[in-house]
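An overview of the molecular structure
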Amino acid sequence: MSSTIIYWFRHDLRLNDLPALHAASALGDVIPVFIYDSQLGGDWKLGGASQWWLHNSLNRLKASIEHQGGRLLLRSGETVAELQKLLFETGASHIVASRQYQPWSEDLERAVATMATDNASQFKRYAGTLLFEPDAVTTGAGTPFKVFTPFWRACLKAAQPDMPKPVPSLHFPHQWPPSETLDDWSLLPTDPNWAEGWDTLWDPGELGAQKSLAAFLDERVYHYSEGRDIPSGPHTSRLSPSLKFGEISPRQVWWAAQQCKHENPQSSAAIDKFLSEIGWREFCNQLVAQFPAMPDRAFNPKFDYFPWGSNSEHLRAWQRGQTGYPIVDAGMRELWHTGFMHNRVRMIVASFLTKHLLIHWRLGEQWFWDTLLDADLASNACSWQWVGGSGADASPYFRIFNPIAQGEKFDKQGRYTRQWVPELANLPDNYLHKPWEAPALTLAASGVELGKTYPHPIVDHKEAREAALGAYGTLKALTG
Ligand SMILES: Cc1cc2nc3c(=O)[nH]c(=O)nc-3n(C[C@H](O)[C@H](O)[C@H](O)COP(=O)(O)OP(=O)(O)OC[C@H]3O[C@@H](n4cnc5c(N)ncnc54)[C@H](O)[C@@H]3O)c2cc1C
C-alpha cells in the first residue's frame, strides 16, 4: 500500500520546477493542501491587495491540480493545528513543503517538524523560492554580504542554479478529507470593491506568470536597460506578484533569460541588467535572513534617533495622491487603482514621504504592504530602508529626489502623469510637473484651478529639502 503524503502549499503556488513536490510525489500519494492562516506574520499578515491575488492564484492552482486528477484541499486556521488535524484524518507518513524565509518561517517550520515527529510522521522541506539559499553565498571571511555589487558578483561566480524541473508525475489517494471553499475565506474585497477591473490588468496563476515571462523576453527585454526607468510604458516584466507567490521560480526566469541571451547575444547587457534585478530580490532575502528585524527596525541603528515627524494630514495626502506634486500623485494613484507602481516612481514617492514629509519609512512600508500586489516582506523592507537611508548599501540620506526634476526626466512627455492625474492632462509639458509655476492664463486654458481641481503643493520643495538636511544634521550630531 502506498504512503500518503501531505503537500503543504505556501508561497510556491505552481506545479512546475517545484523540488518539494517532486520529493512528495516520489514518496507516495499526494494530498495537496493550502492553509489560510489569517494571523500568520502578526503585523505582517497578508495585506488586502495580496489577498486578492491569493484568491485568484489558488483558483488557478486548484484547476491545474484537478486537471492532473487530484484536488487542492483548502483549510483555514492556525497552521500547525490544521496540519495536525490532517495527519489524524489521513495517517500521512510525511508533510512536505518548500522552505520560506520570512522572519517567522524558521520557527513555524520547526514547530511543524516537532508536531510531525510527535505524531509518528516526518516533515521534509526543500529549497525552491530563491536562486541561492540565504547562507549559500558569503564573503571570503564567511560572513553575509551587506553590499549588493560584490554579493551579486559572488552569486554569478557560484555554480549556476539547477535547471528547472517539469511537473512531476503525481499520484493521488482514492479518499479525500473535507475541504473548505475559497469563497468561505472572503479574500476578495466587497463594499467597496476597490479591485474592480483588476482581472483585466492581471492574470494570476502559473500559466499567467509563464505567459508574462515569455512576452517580456520575446518583446521587451531588449530595451530593458533604458526602458526600465520610464514609467509610461510596459518596459519591465511585471513578474513581481508571480515571484512573490511562487507561481514562477527564479530558476525558471534565470534559465529562460539564459536561453534568450544565447539566441540574442547582442542583448546580453539588457538581459544581465534584468537578472541583476532578480539579484536584488536575492540580496533582500539574504539581508532579512541575517537581520530578521529589518521590516520593523532600521538596519543602521543610528536611524533610531532620526527626528521623524508625525503630520497625519500629510500622510493622508500622500496615500491618496493629493500632495500637489504630479509625479508623486500619479504613482500613488497608480498603486491604488492597479495594485502596482513602477519601480522608479516607488523610489520617488518613498523619497518624498521620508524626506520631503519627514514621515517614518515604516508608515510607507505599511501602506505598500496593504496596497501592493507584490508586497514582499524582504523586498519592501529593504527598498524602503534603501530609499530612507537607513538600509544596507542604502542611498545616502542627503540624496533627496527632486520630484519635479524626476518627473521631467523620466516622464518628459507626461504620458504617465496625464494617465493617473487626468485633471492636469491639458497642461503643456513644461508646466505639467510644476503646475504652480504656470501663468494664470495657461492654468485657466488647461482647466486647472489650483486648490480646487488639483491641490497646491503640500510642502515647498526647497524648504522641505532644507528641513530634511537639517534633520539629517541633527542625526549626525546625535550619533557622531
Ligand atoms: C519603496 C519600494 C518598495 C518596494 N516594495 C517591493 C515589494 O514589496 N515587492 C517587490 O517584489 N518589490 C518591491 N520593490 C522593488 C521593485 O520596485 C519591484 O520589484 C518592481 O517594480 C517590480 O516590477 P517588475 O516585476 O516589472 O520588475 P522588473 O524590473 O521586471 O524586475 C524583475 C524582478 O526583479 C525583482 N526586483 C526588481 N527590482 C527589485 C528591487 N529593487 N528590489 C528587490 N527585487 C527587485 C522583482 O522580483 C521583479 O519582479 C520596491 C521598491 C521600492 C523603491
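Residues numbered from 1 in each chain as written. Predicted model: local features only at pLDDT ≥ 70, side-chain atom pairs only at ≥ 80, totals over all residues.

**As for the overall build of the protein chain**
Here is the rule: Helix and strand assignments follow DSSP, with helices taken as H or I runs no shorter than four residues and strands as E runs no shorter than two, numbered in order from the N terminus. Atoms counted for the radius of gyration: C-alpha only. Globule rule: 2.2 Å times the number of residues to the power 0.38. By the convention adopted here, residues make contact when the C-beta atoms placed from their backbones lie within 7 Å.
Scanning the protein chain from N- to C-terminus turns up 21 helices and 5 strands. Its C-alpha atoms give the protein chain a radius of gyration of 24 Å, near enough to 23 Å, the size a compact globule of 480 residues would have. Counting only C-alpha atoms, the protein chain reaches 85 × 50 × 50 Å along its principal axes. Long-range pairs, those at least 24 residues apart, make up 76% of the contacts in the protein chain with a sequence separation of at least 6.

**Examining the nonpolar core**
As a rule of thumb, nonpolar side chains are buried together in soluble globular proteins. The criterion, for reference: Each nonpolar core consists of buried Ala, Val, Leu, Ile, Met, Phe, Trp, Tyr and Cys residues. Their C-beta atoms, within 7 Å, join them into a set. Burial is judged by counting the other C-beta atoms within 10 Å of a residue's own C-beta: 20 or more makes it buried, 12 or fewer makes it exposed, and any count in between marks it as partly exposed, with every C-beta position built from the backbone.
Core analysis: the biggest nonpolar cluster contains 99 residues, and I6, Y7, W8, V33 and I95 have the highest contact counts within it. Not counting residues within four places of it along the chain, the set of residues in contact with I95 comprises I6, W8, L83, V112, A116, S121 and F123. Of all hydrophobic cores here, the second largest spans 16 residues; its members include A209, F216, I248 and C260.

**Regarding the domain arrangement of the protein chain**
Defined as follows: Where each domain starts and ends follows an automatic or database-derived domain assignment. Residues were grouped as follows: Ala, Val, Leu, Ile, Met, Phe, Trp, Tyr, Cys and Pro as nonpolar; Asp, Glu, Lys and Arg as charged; and all remaining residues, including Gly, as polar.
When its domains are assigned, the protein chain resolves into domain 1 (4–128), domain 2 (130–162 + 206–290) and domain 3 (301–473). Placing the centre of domain 2 and that of domain 3 at their C-alpha centroids yields a distance of 27 Å. Contacts between the two partners involve 16 residues from domain 2 and, on the opposite side, 18 residues from domain 3. The dominant element in the side of domain 2 that touches domain 3, judged by the number of residues it contributes, is helix 11 (residues 268–290), at 5 residues. Split by residue class, the side of domain 2 that touches domain 3 holds 8 nonpolar, 4 polar and 4 charged.

**Side note on the environment of T117**
With respect to the helices, strands and loops of the structure, T117 is situated in helix 4 (residues 105–118). Classification of T117 by C-beta neighbours within 10 Å gives exposed; the count is 11.

**Section: helix 16 (residues 377–388)**
Given 3.6 residues per turn, any residue in an α-helix points the same way as the ones three and four places further on. Using the following cut-off: The span you would expect from a helix comes to 1.5 Å times its residue count less one.
For helix 16, which comprises 12 residues, the first-to-last C-alpha distance of 16 Å matches the rise-based estimate of 16 Å (1.5 Å per residue) to within 8%. For helix 16, the set of buried residues is L377, A378, S379, N380, A381, C382, S383, W384, Q385, W386, V387 and G388. Looking at the buried positions of helix 16, the neighbouring elements they touch are helix 11, helix 14 (343–356) and helix 15 (361–371). In the segment just after helix 16, G389 is the residue with positive phi, at about 95°.

**Considering the environment of F401**
With respect to the element layout, F401 can be found in the loop between helix 16 and helix 17 (403–410). Measuring from C-alpha to C-alpha, the distance between F401 and H356 comes to 9.1 Å, with 45 residues separating the pair along the chain. Contact partners of F401, with chain neighbours within four places excluded, come to M347, I348, S351 and Q406.

**Topic: the sheet that holds strand 2 (residues 29–36)**
The test is simple: The criterion for strand pairing is that DSSP finds at least two bridges linking the strands in question. As a rule, the C-alpha atoms of each element are fitted with a line to give its axis, helices using only the stretch in contact, and angles between N-to-C directions run from 0 to 180 degrees.
The strand order across the open sheet built from 5 strands is 3-2-1-4-5, with neighbouring strands paired in parallel fashion. Of all the strands in the sheet, just strand 3 (73–76) and strand 5 (122–126) have a single pairing partner and so form its edges. Across this sheet, the average inter-strand angle for adjacent strands is 30°, counted without regard to direction. Where strand 1 (residues 4–9) meets strand 2, 6 bridges bridge the pair, whose relative direction is parallel. Bridging from a neighbouring strand, Y7 pairs with P32 of strand 2. Helix-sheet contacts for helix 4 involve strand 4 (94–98) and strand 5, and the interaxial angle to strand 5 is about 150°.

**Description of the environment of A214**
Locating A214 in the fold gives a position in helix 7 (residues 206–220). In this structure A214 comes out as exposed when scored by C-beta crowding, with 12 C-beta atoms within 10 Å. Between the alpha carbons of A214 and S237 there is a distance of 9.4 Å; along the sequence they are 23 residues apart.

**Focus on the site of the ligand**
The criterion, for reference: All residues are tested the same way: a C-beta atom is placed from the backbone, and lying within 6 Å of a molecule or strand makes the residue near it.
Taken together, 27 residues sit near the ligand, with T236, S237, S240, N380 and S383 positioned nearest. Put simply, the parts of the chain that give the shell around the ligand at least two residues each are helix 9 (240–244), helix 11, helix 14 and helix 16. Residues of the shell around the ligand, tallied by class, amount to 12 nonpolar, 7 polar and 8 charged. When residues of the shell around the ligand are sorted by domain, at least three fall in each of domain 2 (130–162 + 206–290) and domain 3 (301–473).

**What about unusual backbone geometry?**
Cis rather than trans, the peptide bond between D191 and P192 has omega equal to 0°. Following the sequence through the fold, P192 ends up in the loop between helix 5 (148–157) and helix 6 (198–201). Phi is positive for D17, close to 45°, though the residue is something other than glycine. Position of D17 among the secondary structure elements: in the loop between strand 1 and helix 1 (19–27). Phi angles above zero are rare outside glycine, and R238 is one such case at about 55°. Assignment of secondary structure puts R238 in the loop between helix 8 (224–227) and helix 9.

**What to know about the packing of helix 14 against helix 16**
For clarity, the threshold we go by: Small angles under 35 degrees read as roughly parallel and large ones over 145 as roughly antiparallel, with 65 to 115 read as roughly perpendicular and the rest as oblique. Left-handed describes a crossing whose near helix is turned anticlockwise from the far helix through less than a right angle; right-handed describes the clockwise counterpart.
Following both chains from N to C, one finds helix 14 and helix 16 inclined at 60°, their axes separated by 9 Å at the closest point. By the angle between their directions, the pair helix 14 and helix 16 is classed as oblique. Handedness of the helix 14/helix 16 crossing: right-handed. In this structure, helix 14 uses R346, M347, A350, S351 and T354 to contact helix 16, whose residues at the interface are S383, W384, V387 and G388. The residue inventory of the contact of helix 14 with helix 16, partitioned by class, reads 4 nonpolar, 4 polar and 1 charged.

**Some remarks on helix 1**
For helix 1, the set of buried residues is P19, A20, L21, A24 and S25. In this structure, the buried side of helix 1 is in contact with strand 1, strand 2, strand 4 and strand 5.

**Some points on the pairing of strand 2**
Filter applied, for reference: When the strands point away from the viewer, a crossover counts as right-handed if the route from the first strand across the helix to the second turns clockwise.
Where burial is concerned, most of strand 2 is hidden: 8 out of the 8 residues are buried. This β-α-β element, strand 1 to helix 1 to strand 2, shows right-handed connectivity. Considered for its hand, the β-α-β crossover made up of strand 2, helix 2 (residues 48–67) and strand 3 is right-handed.

**Looking at the pairing of strand 3**
By the bridge criterion, 4 bridges tie strand 2 to strand 3 in an arrangement that is parallel. Bridge pairing in strand 3 links Y36 to S76.

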